[in-house]
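Geometric and topological summary
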Amino acid sequence: MPHATTADGTRIAYQVRGAGKPLVLLAGQSNNHHWWDPVHADFEATYRTITLDWRGTGDSDKPDEVYSTPGFADDVVAVLDELGLAKAHVYGTSMGGRVAQWIGINHPGRVDALVLGCTSPGAAHGYERSREIRRALADPDRTDSVLLDLMYTPAWLAANPGPYPVLGDTSMPSYAKSRHLVASNRHDAWDGLPHITAPTLVVHGTDDVFSPAANAQLLAGRIPRARAEFIDRARHAYFHEFRSVAGPLVLDFLTAQDRS
């Protein structure tokens, strides 16, 4: 497994598949690159896809120190540097979308086009999940079942018994899970969003209550040249359950930027 080394010496594992213009795919909180396994093939047919294991997950180092979404963005740029890539498209979902915001803000020259999926600008200005959902997720005996209900519709779950790659990296140390949670909860990119210069697509499921769908309009209204697209009936894992809609939507946007 190849690794990039960040400025603070942390080794970040990354994976490269396909050929063509580079596309970085960023996973959700406490997940590694396997988050993208169900849909990876849709993108590598057109692009050279780059995934990574967040620090604290997978084959990356797991330092017990403060993590942050801007810091995760710097880790992504370290991977681009290791690969000798000046720019790439960036598609981030959930916490990966929060990190993608910071790549667009702090490293604008490294982003060709930006896709922000099922994400938010942060708690200070965004819409947060309900207290009832937070309480349910805090119950260790119910976490997976609650997460599945937030990710997928009941009908899809009944027809697709798993495994489900979006439930988190089970190999993570407990301290790393805590560090990820704090990093995501402290995310606040509101002031920086108007400085994003990359063409931006915001994608959200209409029935997402894990990261409420109203966040999509907030992001699209705050980022210049951004537009929001909603996938009807989709919950948080819209990119997986509604793959036949979400994949072409994102690919059409990216290929349109390549032609412009």
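Here's a quick rundown of the structure. Keep in mind that what you see is a predicted model, and the values were worked out from it rather than measured. (Residues numbered from 1 in each chain as written. Predicted model: local features only at pLDDT ≥ 70, side-chain atom pairs only at ≥ 80, totals over all residues. Heavy atoms only, no water.)

**Looking at the overall build of the protein chain**
- Of regular secondary structure, the protein chain possesses 10 helices and eight strands.
- Here the C-alpha radius of gyration of the protein chain, 17 Å, is about what a compact globule of 260 residues would show, namely 18 Å.
- Over its C-alpha atoms, taken along the principal directions, the protein chain stretches across nearly 45 × 40 × 35 Å.
- By residue count, 54% of the 260 residues in the protein chain fall in the buried class. (Helix = DSSP H or I, 4+ residues; strand = E, 2+ residues; numbered from the N terminus. Rg over C-alpha atoms; globule rule 2.2 N^0.38 Å. Buried < 20%, exposed > 50% of the residue type's maximum accessible area, 1.4 Å probe, protein only.)

**Quick word on the packing of helix α2 (residues 69–82) against helix α3 (residues 95–106)**
- Two numbers describe how α2 lies on α3: the axes approach to 8 Å, and their chain directions differ by 70 degrees. Of the possible angle classes, the one that applies to α2 and α3 is roughly perpendicular. Contacts from T69, P70, F72, A73 and V76 of α2 reach α3 at M95, R98, V99, W102, I103 and N106.
- In terms of residue class, the contact of α2 with α3 is built from eight nonpolar, two polar and one charged. (Axes fitted to C-alpha atoms, helices over the stretch in contact; angles between N-to-C directions. Parallel < 35°, antiparallel > 145°, perpendicular 65-115°, else oblique. Contact = heavy atoms within 4.5 Å. Nonpolar A, V, L, I, M, F, W, Y, C, P; charged D, E, K, R; others polar.)

**Observations regarding helix α5 (residues 143–151)**
- Taken together, the buried positions of α5 are occupied by V146, L147, L148, L150 and M151.
- Elements that come into contact with the buried residues of α5 comprise α4 (131–137), α6 (154–159) and α9 (238–241).

**Side note on the side chain of T6**
- Along the chain, T6 falls in the loop between β1 (3–5) and β2 (11–17).
- A polar contact of 3.5 Å, which involves the side chain of T6, links it to the side chain of R55.
- Not counting residues within four places of it along the chain, the set of residues in contact with T6 comprises I12, R55, D75 and A78. (Polar contact = N/O pair within 3.5 Å; in protein donor to acceptor, adjacent residues only side chain to side chain.)

**Section: the nonpolar core**
- L26, W54, Y91 and Y238 are the most contacted members of the largest nonpolar core, which totals 80 residues.
- Aside from chain neighbours lying at most four places away, what touches Y238 is Y91, T93, G117, C118, V203, I231, R243 and A246. (Core = buried A, V, L, I, M, F, W, Y, C linked by side-chain atoms within 4.5 Å.)

**Regarding unusual backbone geometry**
- Cis peptide bonds are those with omega within 30 degrees of zero, and the linkage from G162 to P163 qualifies with 5 degrees.
- Mapped onto the elements of the fold, P163 is located in the loop between α6 and α7 (174–185).
- Positioned with a positive phi, C118 is a non-glycine residue whose angle comes to about 45 degrees.
- Relative to the assigned elements, C118 resides in the loop between β6 (111–117) and α4.

**Focus: the sheet that holds β2**
- The eight strands are arranged β1-β2-β4-β3-β5-β6-β7-β8 in an open sheet whose pairing can be described as mixed. Strand pairing shows two members of the sheet lacking a second neighbour, β1 and β8 (226–231), which therefore form its edges. With strand direction ignored, the average angle separating the axes of adjacent strands in the sheet is 25 degrees.
- Two elements, strand β5 (residues 88–93) and β6, share five bridges in a ladder whose sense is parallel. Counterpart to T93 in the pairing with β6 is G117.
- The sheet contacts of α2 involve β1, β2, β3 (22–26), β4 (48–52) and β5, and relative to β1 the element is tilted by about 110 degrees.
- In the packing of helix α10 (residues 243–259) onto the sheet, the strands contacted are β3, β5, β6, β7 (200–205) and β8, and the crossing angle to β6 comes to about 160 degrees. (Pairing = 2+ DSSP bridges.)

**Focus: the packing of aromatic side chains**
- For the structure on display, the rule yields 11 aromatic pairs.
- Where Y152 meets Y164, the ring centres are 5.7 Å apart and the plane angle is 40 degrees; that geometry is what we call tilted. Note that Y152 is positioned in the loop between α5 and α6 and Y164 in the loop between α6 and α7, a separation of 12 residues in sequence. No difference in accessibility class separates Y152 from Y164, as the two residues are buried.
- Connected via pairs of aromatic rings, a cluster forms that spans W35, W36, F43, Y91, Y238 and F239. (Phe/Tyr/Trp six-rings, centres within 6.5 Å; stacked < 30°, edge-to-face > 60°.)

**Side note on the pairing of β6**
- Counting buried positions along β6 yields six of seven residues, so the element is predominantly enclosed.
- Each parallel crossover has a hand, and the one from β5 via α3 to β6 is right-handed.
- Of the pairings in the sheet, the one linking β6 to β7 comprises four bridges and is parallel in character. Bridged to L114 within β7 is T200. (Right-handed = clockwise from strand over helix to strand, strands pointing away.)

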